[in-house]
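# Analysis of the macromolecular model
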Amino acid sequence: PATTHYEFNVTVAQRAPDCFEKSVLVVNGEFNKAIEVVQGNILEVTLYNNIPPDWPLVSEGISIHWHGFSMNGAPWYDGVGYLAQCPVKSGTNYTYRFQVNEEPGTYFWHGHSGMEKVDSFFGPLIVRPSGPEPLRYDEERILLLTDNYHQESTPLTFGLNRPFDAAKQTNTSGGWEWVNVPQSTLLNGHGYYGDCAMLAGSNTAVAPKCNVTLQWVPPGRSSVLPYNSPSNPGCQRYNMTVEAGKTYRVRIINAGSLLFLSVCFDRHNVTIVAADAYPVNPQPVSCVDINLGQRYDVLLQANQPKGNYWINALAVNATRVGSPGGYGVLRYAGANLTLPTDTLLQPESVPAWSFGTVSAITTPDVLLDPHAPHPGAVLPVNESSLRPPKRTHFLYVNLTQPLLPTGQLRWALDNVATYGTPSCIPTLAQLQSDPSFMSRMAQASASGNTTSVDMVQSGSDDKVALYLSDGTPSPTYPVAGQRFMPLQTGDVVDIVLQNLAANANGGDYRGGGVGANRTAQEQHPFHMHGHHFWVLGYGLGVYNDSTNSSALNVHNPAFRDSFTIYKNGWTVIRFKADNPGVWILHCHTDWHLFMGQKMYFATSPEAAPQPPTDLPQCPSKCLYNFGAFDLP
Ligand code: C2O
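Note that the structure is predicted; figures quoted are calculated from it, not measured.

## Describing the sheet that holds strand β15 (residues 278-285)
In spatial order, the strands read β10-β9-β12-β17-β14-β15; together these 6 strands make up an open sheet with mixed pairing. The open sheet has two free edges, formed respectively by β10 (184-187) and β15, since each of these has just one partner strand. Sheet twist, expressed as the mean angle between neighbouring strand axes with direction ignored, is 25°. In this structure, strand β9 (residues 139-148) lies alongside β10, joined through 4 bridges in antiparallel fashion. Bridged to asparagine 148 within β10 is serine 184.

So this is what it looks like as structure tokens:
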């Protein structure tokens, strides 16, 4: 196969994507560099970390994950820091090299060692079919969405890492500090920090939040640039230019850190034709709800009178009142170079997000029926392989938000906030070099009729299986460690992700409640590495396998890599463990990932290839994924 080679020279630059200048990471000087590869080719990316070693951000190093790629047979190049490799340190380089056996479609690449993604280290990743493109359209456009903070990632995460103290919940007290909503939403790297204030107008619910959080300037900074200034050409709205009469494939990617977005093209309906890269039976919608990590390809017909139309990307989640909208312009060739005259869709006019009303817009998560992939695909994928096999394993996971004994607030799965590697080598290397690690997990599983094992850090390298999870809410006290599920190739796993407080002792600190009165406060966009999976169903309340499982869709469920777990509800996914390696399942809200909301699936590690000889080594003091922080 041919090789597609990219050099990624990563440096720090000052950019003002929403007219406020801050430090970002750029690749060869480009913000959100886009790359593409033909299916079946070798993708080779040499990452040069040229971030100054003393730059306070991402000091542990960086790595690249290919979001949505299954990486079958290439687990070492999946890019999760401390899991498959250690981060690529300042002044060093590393070459990712693997064959792209993925479905042609829309993906993105992003940093995955610490929080470098939040510092703009991501970009579109397109897989082209090796033969003719089977979808019919005239041209294509990428629409890369992200939320933009005026502060860089490290100071934001310092605030998240400080002990929680209810008495100190102000921004100046030195206690735990939430990052708040981002200051703007960017469309293809462009936005305007003043949108919220401008739009909020006299709306008394929204305006104060705009003033407080959106025009907030970090201490010591003053550099708000004039909007649309000729001296700052980057600081202007994104214009998507189209020609009347043509059909466009728009590849929408939500690469943000917090916001579940609803994207609408004023006066244009669109048709969803692919979800997370896989083609689906076409679904016409007026707006596209897209959660973090998701991608939708839509067809847009430029069939309106020649003119300018708003493109808006607004937060779906009602708990994010005050979130800035992102606005771009759909401009017909030959139209005046002016803003649209139509009234802007206001952020608060997006239907309040809740389980019952969400269909007022669209929630294609579970509604999209996949169909046979592109003809000419080199993969042995066919219609029947898109239908789920019968399950062999069942895992029930509670999403909890515990306080650790140290007072730090974490997100956790069954109260285990997962961090890093159990020893100071990449976890996959540990699994391969120490077979007893897998067998101890397997034994622990078998003896307790369980499916998941928690390895809790005690001392520097003495790991014990501390307790087990068997479908009932468990452990009763929170810890930082690693949650694993050991699997054999061929296992078919159903995972119930239950988004309700799990424990009477504050399993969900901010939701709380006991028994039937338990509540959760937010939805979570989860993503799994190494696999696409079927989204079998979702519902409100507590999942009960004996009554709910018969209603799951095992006939034509959506086939995704990123999905939503509803507030006060549950979602069930199924995947086939067909990819030896160790794979992470995590919340794609970057702040929740930082706070520990993840777990690992270890599938037949002995069957995975041997590590590349140049695999980046771990730092001598082995830290836990987020280097600047000491965990308990
Ligand atoms: Cu897009 Cu593990 O992430």
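Back to the text.
## Brief notes about the domain arrangement of the chain
For the chain, the domain assignment lists domain 1 (3-133), domain 2 (135-373) and domain 3 (399-607). Listed by partner, the interface residues are 26 residues for domain 2 and 33 residues for domain 3. The element contributing the most residues to the side of domain 2 that touches domain 3 is helix α1 (residues 153-161), with 3 residues. Residues belonging to the side of domain 2 that touches domain 3 are distributed by class as follows: 15 nonpolar, 8 polar and 3 charged.

## Notes on the pairing of β9
Strand direction decides the pairing type here: β9 and strand β12 (residues 247-254), joined by 7 bridges, are parallel. Following the sheet pairing, leucine 144 is matched in β12 by isoleucine 253.

## Thoughts on α1
Buried residues of α1: Ser153, Thr154, Leu156, Thr157 and Leu160, and no others. On an axial view of α1, the arc spanned by its buried residues comes to 160°, and they lie on one face. Taken together, the buried residues of α1 touch α7 (590-594).

## Remarks on the sheet that holds strand β11 (residues 239-242)
Strand order in the open sheet made by the 5 strands is β11-β19-β18-β13-β16, with mixed pairing throughout. The strands lining the two open edges of the sheet, one partner per strand, are β11 and β16 (287-290). This sheet shows a mean twist of 20° between the axes of neighbouring strands, independent of strand direction. Sheet topology note: the β11/strand β19 (residues 326-332) ladder contains 4 bridges and is parallel. Each bridged residue has a counterpart across the sheet, and for threonine 241 the counterpart in β19 is arginine 331.

## Some details on the nonpolar core
Within soluble globular proteins, side chains that are nonpolar generally end up buried alongside one another. One finds Ile252, Leu261 and Val298 to be the most contacted residues of the largest nonpolar core, which totals 148 residues. Looking at this core, the element that brings in the most residues is strand β18 (residues 308-315), giving 6 residues. Aside from chain neighbours lying at most four places away, what touches valine 298 is Val250, Ile252, Val270, Thr271, Ile272, Val273 and Val288. Counting 5 residues, the second-largest nonpolar core is a separate cluster that includes Cys19, Phe20, Tyr192 and Cys235.

The rules behind each value
The residue count restarts for each chain, going from 1 along the sequence in the order it is written. At least 70 in pLDDT is required for a residue's local features to be given in this predicted model, at least 80 for side-chain atom pairs to be given and counted, and no such filter applies to totals for whole chains, interfaces and linings, which use all residues. Two strands are said to pair when DSSP picks up at least two bridges between them. Labels follow the DSSP assignment, with helices taken as runs of H or I lasting at least four residues and strands as runs of E lasting at least two, numbered in each case from the N terminus. The axes are straight lines fitted to the C-alpha atoms, using for helices just the contacting stretch, and the angles between their N-to-C directions are given from 0 to 180°. Domain borders in the structure are assigned automatically or taken from a domain database. Contact criterion: two residues are in contact if their C-beta atoms, reconstructed from the backbone, are within 7 Å. By the convention adopted, Pro, Cys, Tyr, Trp, Phe, Met, Ile, Leu, Val and Ala count as nonpolar, Lys, Arg, Asp and Glu as charged, and the other residues, Gly among them, as polar. Burial in this document is a count-based property: other C-beta atoms within 10 Å of a residue's C-beta are tallied, and the residue is buried at 20 or more, exposed at 12 or fewer, or partly exposed in between, with C-beta positions derived from the backbone. The arc in question is formed by the directions pointing from the helix axis toward the C-beta atoms. Any nonpolar core is a set of buried residues, restricted to Ala, Val, Leu, Ile, Met, Phe, Trp, Tyr and Cys, that join up through C-beta atoms within 7 Å.

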